[in-house]
Amino acid sequence: MIELKVNGRTQSIAADPDTPLLYVLRGELQLNAAKYGCGLGQCGSCAVLIGGEVVFSCVVPVLLAENKEVTTLEGLGTEDEPGPLQRAFIAEQAAQCGYCIPGMMIRAHALLRKTLTPSDAEIRRALQPHLCRCGTHMRILRAIRRAAQEMRSAAVEPRGTAAREPVL
Amino acid sequence: MRLLKAGGIALGVGLLLIVAGAAGLAAYGWRPAIDPVDPPTGFDPAMVETGAELAAIGNCGTCHTAPGGKPFAGGLALPTPFGTVYSTNITPDPDTGIGRWPEAAFGRAMREGVDRAGRHLYPAFPYDHFTLVSDADNQALYAFLMTRQPVAAKAPANDLPFPLNQRFVLAGWKLLFLQPGPYKPDPAHDAAWNRGAYLAEGLAHCGACHTPRNLFGAEEKDRRFAGGDAEGWHAVPIGSLSPAPVPWTADSLFHYLRDGWHGQHGTAQGPMGPVADSLAAVPEDDVRAIAAYVASVMGLPDAEARKRGDALAAATADPAGPGTRPQSAGSQTVAAAVPAQDPGAAIYAGTCAACHESGRPSPFGGLDLRLSSAIAGDSPANLIRIIRHGVPAASGARGPIMPAFAAALSDRQLETLLAYLRGRFSDRPAWTGLGDAVRAARDGEVAAAAAASH
């Protein structure tokens with residue numbers, strides 16, 4: 001049995017240690033935000049955070065996630081109470097098919113933990129490993145700028161961290 | 001008391017000698033300023049074209065362009081063991097670039113490492129190689145640079161401790177380590193070999209990374225191409241000490257330098273990546289000449305190494321191995337079975353095998369790790385780098401991508417994986433001090449990031 005701490009909750013996992021983290025999140029924990037895209041760490045739709053840094057969960061066996069803090073998009077807010085990034089993506093209508101968007105948001109979250117004043121070039125560079133085939137890139141950029149703006153304002157808890165209890 | 005006095009005198013004399021020596025060096029190293037000119041125009045387009053190719057061979061743009069900055073406008077932080085040096089603006093901007101440099105000043109900078117104002121340049125600008133460049137080629141390089149878009153950009157001040165921040169000490173360095181050119185052809189070899197030697201030893205400055213440096217930061221001439229360290233990467237030895245599991249040939253070198261990858265060696269990464277990018281756009285004959293020269297310097301592998309290489313080449317030529325699936329059947333592969341109780345094998349199977357045992361062809365499929373120089377090399381530095389950071393997506397260009405595993409692997413897990421890869425995929429002895437190497441890589445990255453954000 002592997003003990004896995006996801007979004008602040010520790011759970012026992014029945015899967016084999018070499019099972020990709022993504023399969024455990026989706027299949028066993030019903031956390032379906034992270035998507036199976038290419039299965040080879042090439043497209044970014046499976047991105048989640050380990051210790052606040054982005055990993056591609058399709059190529060990370062669950063044994064590597066043991067004793068670490070895993071955060072998925074579900075950890076950044078709920079449907080009823082979306083987090084600032086999620087609100088910004090909705091406000092800018094940044095999703096077309098939406099398949100890549102959870103990975104994009106996770107990457108943006110990791111970026112905004114480091115800086116709340118990213119330049120456009122920094123945002124583009126950070127999102128480089130993520131593919132969107134619908135072409136909503138300009139809206140994604142706008143959404144991340146909007147979220148940064150909102151997080152800069154005092155109304156919002158400035159920095160989410162994986163270590164803290166998630167907004168649920 | 002007398003002893004004290006004698007000591008005082010000795011100290012005084014010593015100080016005097018140091019001061020006199022410094023003054024002498026300053027006088028010896030004095031170079032006149034060359035009068036500025038108005039930015040010249042009217043260059044011959046054919047010469048500019050030649051200059052563009054030469055600048056690509058010299059890879060000028062890589063150091064003289066800051067991340068996200070304008071081409072040739074300088075400002076890139078170059079961390080050295082002595083401190084950080086910033087590349088300068090070599091666009092023809094009259095105030096912050098080389099716009100007011102006459103051709104003679106450019107030629108002198110290349111040949112002697114002295115700027116227009118007569119100041120000695122730091123050898124981070126590899127004039128110990130560029131000194132070999134011919135007058136005619138310097139003229140073409142000058143024509144190319146003077147026809148670039150002028151950019152107003154002043155490089156940050158270098159961050160070097162005393163006395164290294166005193167440029168006259170560089171005169172002493174040059175006295176010891178600079179053998180002034182230009183290149184003199186070796187009559188014992190044909191024209192193609194000499195062309196290759198001229199480019200590889202001169203403008204292409206291969207040795208700047210691939211030759212180890214002494215305490216003064218100068219290349220150890222008697223250990224040419226024995227491997228060096230550059231920008232957090234280990235520049236592999238390219239002589240008889242080459243770790244390549246399948247020995248290099250002039251032909252494989254040519255394809256590697258030209259395309260940035262070779263099926264038996266993998267892809268050019270780290271500082272070598274931009275080198276191959278540049279060489280994709282220069283005359284093929286020049287790349288062939290460089291490859292042939294480097295191969296001749298390497299010498300032929302001994303019979304044993306050749307036999308091993310041939311066997312390995314044959315074994316890896318057929319991609320049908322564990323995990324192989326036809327590409328049309330989708331991207332998923334079945335990882336090789338995990339031998340129980342070996343944590344390194346378990347990490348490898350879950351993390352690496354899906355790509356590296358897929359049998360998909362180079363360069364987009366993962367390299368068969370039996371062919372990896374990073375695993376077979378003396379230093380684990382490159383393997384650590386690649387596992388931690390992967391091969392990032394290149395903006396606006398196609399290329400292989402490997403995801404980064406820095407966040408997924410603890411230092412301990414990374415060590416376990418490194419030891420497993422070394423044991424399974426090479427016949428070299430186990431690495432020692434892996435924990436230190438992993439920590440050094442992490443610390444080096446932090447330092448480099450701090451320097452870059454300076």
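Source: prediction; values computed, not measured. (Residues numbered from 1 in each chain as written. Chains lettered and ligands numbered in written order. Predicted model: local features only at pLDDT ≥ 70, side-chain atom pairs only at ≥ 80, totals over all residues. Heavy atoms only, no water.)

(A) Seen up close, the overall build of chain B. Helix and strand counts for chain B come out as 19 helices and six strands. Considering chain B as a whole, with its 454 residues, one finds that 45% of them fall into the buried category. Contacts in chain B between residues far apart in sequence, at least 24 positions, make up 64% of those at least 6 positions apart. Carbon and sulfur atoms provide 60% of the accessible area of chain B, an area that totals close to 22,700 Å². (Helix = DSSP H or I, 4+ residues; strand = E, 2+ residues; numbered from the N terminus. Buried < 20%, exposed > 50% of the residue type's maximum accessible area, 1.4 Å probe, protein only. Contact = heavy atoms within 4.5 Å. Areas by Shrake-Rupley, 256 points an atom, 1.4 Å probe, with all protein chains shown as cover.)

(B) Main features of the interface of chain B and chain A. Listed as interface residues are 21 residues of chain B and, on the opposing side, 20 residues of chain A. For the pair chain B and chain A, the two sides together bury roughly 1,700 Å², of which 60% comes from carbon and sulfur. Put simply, chain B and chain A have zero salt bridges between them. Inspection of the region where chain B meets chain A yields three residue pairs in polar contact (both at pLDDT 80 or more). Top contributing element to the side of chain B that touches chain A by residue count: helix α14 (residues 343-351) of chain B, with four residues. (Buried area = accessible area lost by both parts, 1.4 Å probe. Salt bridge = Lys/Arg side-chain N within 4 Å of Asp/Glu carboxyl O. Polar contact = N/O pair within 3.5 Å; in protein donor to acceptor, adjacent residues only side chain to side chain.)

(C) Expanded view of the domain arrangement of chain A. Residues and elements named next belong to chain A. Each assigned domain of chain A is listed with its residue range as follows: domain 1 (2-74) and domain 2 (84-154). For domain 1 and domain 2, the distance between their C-alpha centres works out to 21 Å. On the domain 2 side, the residues contacting the 19 residues of domain 1 number 15 residues. Here domain 1 and domain 2 share an interface that buries about 1,300 Å² over both sides, 64% of which is from carbon and sulfur atoms. For the interface between domain 1 and domain 2, the tally reads one salt bridge. Summed over the shared surface of domain 1 and domain 2, the number is six residue pairs in polar contact (both at pLDDT 80 or more). (Domains from an automatic or database assignment.)

(D) Seen up close, the sheet that holds strand β4 (residues 53-56) of chain A. All names here are of chain A. The mixed open sheet is built from five strands, whose spatial order is β2-β1-β5-β3-β4. Edge strands, defined here as strands with exactly one partner in the open sheet, are β2 (9-13) and β4. Each adjacent strand pair in this sheet contributes to an overall mean axis angle of 40°, direction not counted. The sheet contact formed by strand β3 (residues 47-50) and β4 spans four bridges and is antiparallel. Note on β4: the bridge partner recorded for L49 is V54. (Pairing = 2+ DSSP bridges. Axes fitted to C-alpha atoms, helices over the stretch in contact; angles between N-to-C directions.)

(E) Seen up close, α14 of chain B. All names here are of chain B. Within α14, eight of the nine residues are buried, which leaves the element mostly enclosed by the surrounding structure. Among all positions of α14, only G344, A345, A346, I347, Y348, A349, G350 and T351 are buried. In this structure, the buried residues of α14 make contact with α15 (353-356) and α18 (411-425). Where α14 begins, the capping side chain belongs to D342, and its oxygen is found 3.0 Å from the backbone nitrogen of G344.

(F) Structural context of the confidence of the model for chain B. Residues and elements named next belong to chain B. Model confidence for chain B is summarised by a mean pLDDT of 89, while 89% of its residues fall at 70 or above. The lowest-confidence element of chain B is helix α1 (residues 2-28), averaging 70 in pLDDT; the highest-confidence one is helix α6 (residues 135-146), averaging 98. Low pLDDT, under 50, characterises residues 322-331; the stretch is placed with 19 contacts to residues that sit more than four places away or in other chains. Both confidence scores are given for the complex: pTM 0.87, ipTM 0.85. (pLDDT = per-residue confidence, 0-100.)

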